[in-house]
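If you want the building blocks of each chain, they are given just below.
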Amino acid sequence: MNRSAIYPGSFDPVTYGHLDLIKRAAHIFDHVIVAVALNSSKKTLFTSEERVEMLKEATKGIKNIRIELFDGLIINFARKNEINVLIRGLRMISDFEYELQMALTNRRLDESIETAFLMPSERYSFLSSTLLKEAASLGADVSSFVPEFVARKLMERLAC
Ligand code: ADP
């Protein structure tokens, strides 16, 4: 049986935490779609095209994944692709409440959808795109959090 999963998020921008999860998911599943939210409820620093491009560049070496944009409900995107597993990351206990609510809401909307949670390496368990952007805007060196080219794009964007 061919098992596929969708890993949705805003990826604004992709971090080593996201990449850690993508690699773990790609080990477990035959195919993984990394689904980039077009209209995230969060105001994003990068456009959806930029977020997709950065993900593509950062995941070049991983063969069994594909990066795609999605708009609207993730369960509709999952149905369209005939995939019933969503991957989400759990970093800290603080992620748990929101992630549980979202997983149960998605399940209520579509009983066939399962959410699988993966934990990143503890090296990345504190890392979030939001904190990363805050640190970068204050001039921190973020090269241990994101690939070099992402750090450069962050600096360029924040300098404008
Ligand atoms: P969203 O806007 O949907 O929360 P994010 O791009 O912030 O999307 O994150 C997408 C998913 O990746 C979420 O499940 C989040 O918990 C997970 N994630 C984000 N950063 C990390 C990290 N450092 N380690 C593991 N998972 C992470």
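Let us look at the structure shown here. Residue positions are given per chain, counted from 1 along the sequence in the order it is written. For this predicted model, a pLDDT threshold of at least 70 governs which residues receive local features, and a threshold of 80 or more governs which side-chain atom pairs are given and counted, while totals over whole chains, interfaces and linings are taken from all residues. Water and hydrogen atoms play no part in the side-chain values, which are based on all heavy atoms of the structure.

## Looking at the packing of helix H2 (residues 48-58) against helix H6 (residues 148-159)
Next, step 1: Axis angles are defined between N-to-C directions and span 0 to 180 degrees, where every axis is a line fitted to C-alpha atoms and, for a helix, only to the segment in contact. A helix here means a DSSP run of H or I that spans at least four residues, while a strand means a run of E at least two residues long, and both kinds are numbered starting from the N terminus. At a closest axis distance of 10 Å, the pairing of H2 and H6 adopts a crossing angle of 155°. Overall, the two elements H2 and H6 adopt an arrangement that is roughly antiparallel. From H2, Glu50, Met54, Glu57 and Ala58 reach across to H6, where they touch Phe149, Val150, Lys153 and Arg157.
Next, step 2: Classification convention: Asp, Glu, Lys, Arg as charged; Ala, Val, Leu, Ile, Met, Phe, Trp, Tyr, Cys, Pro as nonpolar; all other residues, Gly among them, as polar. Per-class residue counts for the contact of H2 with H6 are four nonpolar, no polar and four charged. Note on terminology: angles under 35 degrees are roughly parallel, angles over 145 are roughly antiparallel, angles of 65 to 115 are roughly perpendicular, and the others are oblique. Any two residues whose heavy atoms approach within 4.5 Å at even a single point are treated as in contact.

## Comments concerning the pairing of strand S4 (residues 85-89)
Next, step 1: Burial analysis of S4 places five of its five residues in the buried class, the great majority of the element.
Next, step 2: Side chains of S4 alternate between two faces, with Val85, Ile87 and Gly89 and Leu86 and Arg88 buried alike.
Next, step 3: Note on pairing: DSSP must find at least two bridges between two strands before they are called paired. Across five bridges, S4 lies against strand S5 (residues 114-118) in parallel orientation. Across the sheet, residue Ile87 finds its bridge partner in S5, namely Ala116. Only protein chains enter the calculation, and the probe is 1.4 Å; a residue is then buried if its accessible area is under 20% of its type maximum, exposed if over 50%, and partly exposed in between.

## Some remarks on the site of the ligand
Next, step 1: If you check the shell around the ligand, you find 16 residues, and the closest are Tyr7, Ser10, Phe11, Lys42 and Leu127.
Next, step 2: Contact between the ligand and Phe11: an oxygen atom at 2.9 Å from a main-chain N or O atom of the residue.
Next, step 3: The side chain of Glu99 places a nitrogen or oxygen atom 3.4 Å from an oxygen atom of the ligand.
Next, step 4: Per-residue and other accessible areas follow the Shrake-Rupley method at a 1.4 Å probe size, with only the shown protein chains counted as cover for residues. Against a free-state accessible area of 550 Å², the protein chains account for coverage of 92% of the ligand.
Next, step 5: Elements supplying a minimum of two residues to the shell around the ligand: strand S1 (4-9), helix H1 (16-28) and S4.
Next, step 6: In the shell around the ligand, the residues fall into seven nonpolar, five polar and four charged. Each residue is tested against the molecule or strand, and it is near if at least one of its non-hydrogen atoms lies within 4 Å. In the analysis that follows, any N or O atom pair within 3.5 Å is treated as a polar contact, provided that within protein one partner can donate a hydrogen and the other can accept it, and provided that, for residues neighboring in sequence, both atoms belong to side chains.

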